[in-house]
Every structure is written in structure tokens, then in C-alpha cells.
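Here is what each chain is made of, one letter per residue.
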Amino acid sequence: MKEPDHNQWLDLAIEKSAENLDGISGGPFGAVIVKNGRLIAATANKVEELTDPTAHAEIQAIREACKQMNTTDLIGCIIYTSCEPCPMCLGAIYWANIDEVYFATDRKDAQSGGFDDNLIYNELEKPTDKRRIPMKQIKKDKAWKIIEQWTDKNS
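Attention here is on the structure that accompanies the text. None of the values given here were measured: they were computed from a predicted structure.

### Digging into the sheet that holds strand β2 (residues 38–44)
Point 1. Read across the open sheet, the four strands follow the order β2-β1-β3-β4; overall the sheet is mixed. What marks the edges here is a single partner per strand, and that holds for β2 and β4 (100–105). The sheet shows a mean angle of 15 degrees between the axes of neighbouring strands, taken without regard to direction.
Point 2. Sheet analysis places strand β1 (residues 30–35) next to strand β3 (residues 77–83), joined by five bridges and oriented antiparallel. By the bridge assignment for β3, Ala31 is matched with Thr81.
Point 3. Taken strand by strand, helix α1 (residues 6–18) contacts β1, β2, β3 and β4, and its axis lies near 50 degrees from that of β3.

Shown next as C-alpha cells:
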């Protein structure tokens, strides 16, 4: 199998990001997912269009790729993004088992454009009881029983 053309796919992700220069659909971000040299998904940020704060380009591309491939496991796939993935998107990339990430601009570039993820990065380093959004653990025993049942049933 030949080496993928990373420049070609990253150019497409950047082209997708340019679709949002009017600001109507969402921020200026694009993402492309490729498997074995074949395009699986290509999308831009859709946060405003879908009134969904999770509709980042990477999330939209993961959703589309999973739908196209009829799976939740994108092992063997590469994602190309116009910007370094935010913490939410990075988490989704790991959950989807994507093999590699190629990006153009980084989080400092995004910050200079008004997209600042530093709050989230900083919050993730704090214990849950020290975060800006109060987080309190309750009802652990009841919920833990469900996890135990799941484990027993699926072992």
C-alpha cells in the first residue's frame, strides 16, 4: 500500500474550514477522515448551523465516518484537521481509535483567532472538587452495580 498523501488530505481539511469564513455555520475549522487512501468523511465546523456546541469539524467527521463505515471503531483511519484538536475532539479521536492525527494550525493559533481552549486544558489538570464548574460525586454504589452487571454480562 502506498504512503498516503498527507498534504492532499490536509489541503481538503483546510478547504472545508474556508467554507465557514462567513461565520454562519460555525468556526473556521475543517476535518477529513481517510482510510487506506480513500476519503471517508470531510466536513466543516457546524456549531452554529446545528446549534450544537459539540458539532466541531472533528466530531462531525467522526460521526460521518462511523455512519459510512457502520462502526464505532475507526481503527486504521487517519484524521486531518485544519487546527490542532481541542480537548473534546481529542477525546473523541481516542474513543474512536483513530490511528493518526495531522493538523495545520495549533491551539495557540486558534487562541489568537478568538478560540481559546486554555480554560479546559487547565480545568482538566485540577481535582474535580477544584474545578470552575462544581462537580460532586453522589449515588456511586447504585451506579457501580450497573457497571458490575454490564461486566458480568459481557465477560
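### Some words on helix α6 (residues 140–153)
Point 1. Taking 1.5 Å per residue, 14 residues should reach 20 Å; α6 reaches 20 Å between its end C-alpha atoms and fits that length.
Point 2. The buried fraction of α6 amounts to zero of the 14 residues, a small share that puts the element mostly on the outside.

### Focus: the pattern of salt bridges
Point 1. Enumeration over the complete set of coordinates arrives at five salt bridges.
Point 2. A salt bridge links Glu49 to Lys46; the nearest nitrogen and oxygen atoms lie 3.7 Å apart.

### A closer look at the pairing of β4
Point 1. Direction of pairing for β3 relative to β4: parallel, over a ladder of five bridges. Across the sheet, Ile78 pairs through a bridge with Glu100, a residue of β4.
Point 2. For the handedness criterion, the β-α-β arrangement of β3, helix α3 (residues 87–95) and β4 is classed as right-handed.

### A look at the pairing of β1
Each regular strand displays side chains that alternate between the two surfaces of the sheet.
Point 1. For β1, the buried fraction is high: five of the six residues fall into the buried class.
Point 2. Where β1 meets β2, six bridges bridge the pair, whose relative direction is antiparallel. The residue bridging Ala31 from the neighbouring strand is Thr43, located in β2.
Point 3. From the end of β1 to the start of β2, which pair antiparallel, there are two residues, and Asn36 there has a positive phi angle of about 50 degrees.

### Topic: the environment of Glu19
Point 1. Mapped onto the elements of the fold, Glu19 is located in the loop between α1 and β1.
Point 2. Owing to a relative accessible area of 42%, Glu19 belongs among the partly exposed residues under this scheme.
Point 3. Separated by 74 residues in sequence, Glu19 and Ile93 place their C-alpha atoms 23 Å apart.

### Focus: the nonpolar core
Point 1. Ranked by size, the top nonpolar core spans 22 residues in total, and within it Ile33, Ile62, Ala65, Leu74, Ile79 and Ile98 carry the most contacts.
Point 2. When residues of this core are assigned to their parent elements, the largest contribution, six residues, is made by helix α2 (residues 57–69).
Point 3. The residues touching Leu74, leaving out its near neighbours within four places in the chain, are Ile33, Ile62, Ala65, Cys66, Met69, Ala96, Asn97 and Ile98.
Point 4. With seven residues, the next largest nonpolar core counts Trp9, Ala13, Ile78 and Tyr80 among its residues.

### Some points on the packing of aromatic side chains
Point 1. On inspection of all chains with the given rule, the structure shows two aromatic pairs.
Point 2. Aromatic side chains Phe29 and Phe115 sit 4.8 Å apart centroid to centroid with 80 degrees between the ring planes, which places their arrangement in the edge-to-face category. You can see Phe29 sitting in the loop between α1 and β1 and its partner Phe115 sitting in the loop between α4 (107–112) and α5 (118–125), a full 86 residues away along the chain.
Point 3. Centroid distance Tyr80 to Tyr102: 5.3 Å. Interplanar angle 20 degrees. Geometry classified as stacked. Here Tyr80, found in strand β3, pairs with Tyr102, found in strand β4; they are 22 residues apart in sequence, far enough to count as distant.
Point 4. The class for Tyr80 is buried, based on a relative accessible area of 0%.
Point 5. Here the basic side chain of Arg107 rests over the ring of Tyr121, its NZ or CZ set 3.9 Å away from the ring centre.

Calculation criteria
- Numbers given to residues run from 1 along each chain, matching the order in which its sequence is written.
- Selection of residues for local features in this predicted model requires a pLDDT of at least 70, selection of side-chain atom pairs for listing and counting requires 80 or more, and totals for whole chains, interfaces and linings are taken over all residues.
- Heavy atoms throughout the structure, all of them, feed into the side-chain values; hydrogens and water do not.
- Strand pairing is defined by DSSP finding a minimum of two bridges between the two strands.
- Helix numbers and strand numbers start at the N terminus; a helix is a DSSP run of H or I with at least 4 residues, a strand a run of E with at least 2.
- Axis definition: a line fitted to C-alpha atoms, over the contacting stretch in the case of helices. Angles run 0 to 180 degrees between N-to-C directions.
- By definition in these notes, contact holds between two residues if any of their heavy atoms fall within 4.5 Å.
- Each residue after the first adds 1.5 Å to the expected span of a helix.
- Accessible area is worked out with a 1.4 Å probe on protein chains only. A residue is then buried under 20% of its type maximum, exposed over 50%, and partly exposed in between.
- By salt bridge we mean one thing: a side-chain nitrogen of Lys or Arg within 4 Å of a carboxyl oxygen of Asp or Glu.
- Classification remark: right-handed applies to a crossover when, strands pointing away from the viewer, the course from the first strand over the helix to the second runs clockwise.
- Definition of nonpolar core: a set of buried residues of the types Ala, Val, Leu, Ile, Met, Phe, Trp, Tyr and Cys, connected through side-chain atoms within 4.5 Å.
- Stacked, tilted and edge-to-face pairs are distinguished by plane angle, under 30 degrees for stacked and over 60 for edge-to-face with tilted covering the rest, among Phe, Tyr and Trp rings (Trp via its six-membered ring) whose centres lie within 6.5 Å.
- Here, over-ring charges are defined by two tests on the NZ atom of lysine or the CZ atom of arginine: distance to the ring centre within 6 Å, and angle to the ring normal within 35 degrees.

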